[in-house]
Amino acid sequence: MTLFVFLAVLSAAAMHAIWNALVKVHLDRFLSITLMTLGMGAAALVVLPFVEVPQAEVWPFIFASVFFHMGYRAFLIGAYKAGDFAQTYPLARGTAPLLSALGGIVMVGEVPAPFAILGIVLLSAGTLVMSFRGGAHLEKVNPRAVGLALGTSIFIASYTLSDGSGARLAATATSYAAWLFVCDAAWALVLCIAFRGPRSLPVLARDWKAGLFTGVLSGAAYWIVMWAMTKAPIASVASLRETSILFAMLISVLALGEKMTAWRAAAALGIVAGVAALRMG
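Residues numbered from 1 in each chain as written. Predicted model: local features only at pLDDT ≥ 70, side-chain atom pairs only at ≥ 80, totals over all residues. Heavy atoms only, no water.

### Digging into the nonpolar core
The nonpolar side chains of soluble globular proteins are, as a tendency, buried together. Judged by nonpolar contacts, the single largest core of 63 residues is most densely connected at Tyr176, Leu180, Phe181 and Met226. Apart from the residues within four sequence positions on either side, Tyr176 is in contact with Val58, Phe61, Ile62, Ser65, Ser162, Asp163, Gly166, Ala167, Ala170 and Met226. Core analysis: the next-biggest nonpolar cluster, separate from the first, contains 5 residues, Leu27, Leu31, Cys192 and Leu204 among them. (Core = buried A, V, L, I, M, F, W, Y, C linked by side-chain atoms within 4.5 Å. Buried < 20%, exposed > 50% of the residue type's maximum accessible area, 1.4 Å probe, protein only. Contact = heavy atoms within 4.5 Å.)

### Concerning the side chain of Thr95
Looking at the element boundaries, Thr95 is found in helix 4 (residues 85–108). For Thr95, the residues in contact, after removing those within four places along its chain, are Leu128, Leu150 and Ser153. (Helix = DSSP H or I, 4+ residues; strand = E, 2+ residues; numbered from the N terminus.)

### A closer look at helix 10 (residues 234–241)
Taking burial as the measure, the 8 residues of helix 10 include 8 buried ones, the bulk of the element. Listing the buried residues of helix 10 in full gives Ile234, Ala235, Ser236, Val237, Ala238, Ser239, Leu240 and Arg241.

### Some words on the packing of helix 2 (residues 29–47) against helix 3 (residues 59–82)
The interhelical angle for the contact between helix 2 and helix 3, taken along N-to-C directions, is 145°, at an axis separation of 10 Å. Crossing of helix 2 over helix 3 shows right-handed handedness. Along its contact with helix 2, which presents Arg29, Phe30, Ile33 and Thr37, the element helix 3 presents Arg73, Ile77, Tyr80 and Lys81. Class assignment for the residues of the contact of helix 2 with helix 3 results in 4 nonpolar, 1 polar and 3 charged. (Axes fitted to C-alpha atoms, helices over the stretch in contact; angles between N-to-C directions. Left-handed = near helix turned anticlockwise from the far one by under 90°. Nonpolar A, V, L, I, M, F, W, Y, C, P; charged D, E, K, R; others polar.)

### Section: a nonpolar patch on the surface
A cluster of nonpolar side chains, namely Leu99, Leu102, Ile105, Val106, Met107, Val111 and Ile154, defines an oily patch on the protein surface of about 720 Å² accessible area. For the nonpolar patch, the element with the most residues is helix 4, which contributes 5 residues. Structurally, Met107 is set in helix 4. (Patch = residues over 30% accessible without salt bridge, like charges linked within 9 Å, V, L, I, M, F, W, Y side chains within 5 Å. Areas by Shrake-Rupley, 256 points an atom, 1.4 Å probe, with all protein chains shown as cover. Salt bridge = Lys/Arg side-chain N within 4 Å of Asp/Glu carboxyl O.)

### Some details on the pattern of salt bridges
Where charged atoms from two side chains of opposite charge come close, those side chains can pair. Tallied over the entire structure, the rule returns 3 salt bridges. The salt bridge involving Arg196 is made with Asp28; its shortest N-O contact spans 2.7 Å. Taken together, the positions of Arg196 in helix 7 (residues 173–196) and Asp28 in the loop between helix 1 (3–22) and helix 2 put the pair 168 residues apart, joining distant regions of the chain. Looking at Asp28, the relative accessible area reads 33%, which means it is partly exposed. Close ionic contact of Glu110 with Arg168 constitutes a salt bridge, the shortest N to O distance being 2.7 Å. In this pair, Glu110 is assigned in the loop between helix 4 and helix 5 (114–133) and Arg168 in helix 6 (residues 143–169), connecting sequence segments 58 residues apart.

### Remarks on the packing of aromatic side chains
This structure, assessed with the given rule, holds 9 aromatic pairs. Between the aromatic rings of Phe75 and Phe155, the centroid separation amounts to 5.2 Å while the plane-to-plane angle is 50°, which identifies the pairing as tilted. Of this pair, Phe75 sits in helix 3 while Phe155 sits in helix 6, and the two are 80 residues apart along the sequence. Connected via pairs of aromatic rings, a cluster forms that spans Phe67, Phe68, Phe75 and Phe155. (Phe/Tyr/Trp six-rings, centres within 6.5 Å; stacked < 30°, edge-to-face > 60°.)

### Let's talk about the packing of helix 2 against helix 9 (residues 208–229)
Two elements in contact, helix 2 and helix 9, have axes whose closest approach is 7 Å; the angle formed by their N-to-C orientations is 70°. By the angle between their directions, the pair helix 2 and helix 9 is classed as roughly perpendicular. The way helix 2 lies across helix 9 gives a crossing that is right-handed. Here helix 2 contributes Leu35, Met36, Gly39, Met40, Ala42 and Ala43 to the contact with helix 9, which in turn contributes Trp208, Gly211, Leu212, Thr214, Gly215, Val216, Ser218 and Gly219. The residue inventory of the contact of helix 2 with helix 9, partitioned by class, reads 8 nonpolar, 6 polar and no charged. (Parallel < 35°, antiparallel > 145°, perpendicular 65-115°, else oblique.)

Pasting the structure below:
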């Protein structure tokens, strides 16, 4: 992984943490995530006239990714309902790089270098520590929350592998990302109407500015990740992306006034050590 790609993925991780912090509009989680997805699609529509239409062999990856993203959102919302966000989200993100690495070995034939493997393990361990011990007064995660969080991680790993492979096969990562975001937004709109009815549309429209802003931020962050996966091993990029957990912690401490506990500091050191190992790998 070159220094430029390394820094680009780190910036994407920071953007990922920022849009997660900003996505708190006056909606429930289903409508909030739908609104952000629609914002990504709206921004991508502007790009479509300037990118190539994917060839036939690319579309199965796009359709698979739309399905995996749908499962990811469904399981993540379920995990939020079953357990504490501060625990379920890092648990889902922390196990995904390990699954992506295993999937990359089996499906893509990419075996990470020794230092990269060390980095993936350290990053995952740091995010898991942040999950279980990162807060001052977090309750134990119940089995249902754990199951849903782990299910979320499976979908994260699945769309990561699908998008990494699809972006490599497409003419450019930009064309793949733009068509993926539009298709994902269209399907998200269909599901929203199916589950919440047409009356949900005016509710979404009232917060369209927040949806567009977070959608642009989220789309830009994930476009960087997909581009990076065309330049570097998928597992390494996927792991480095999860430093968003570290940036989220910094936001919570510096901007929201939350306490920096010893466990948080230990988790942060583990994540930083993982980043260093990935860079050396």
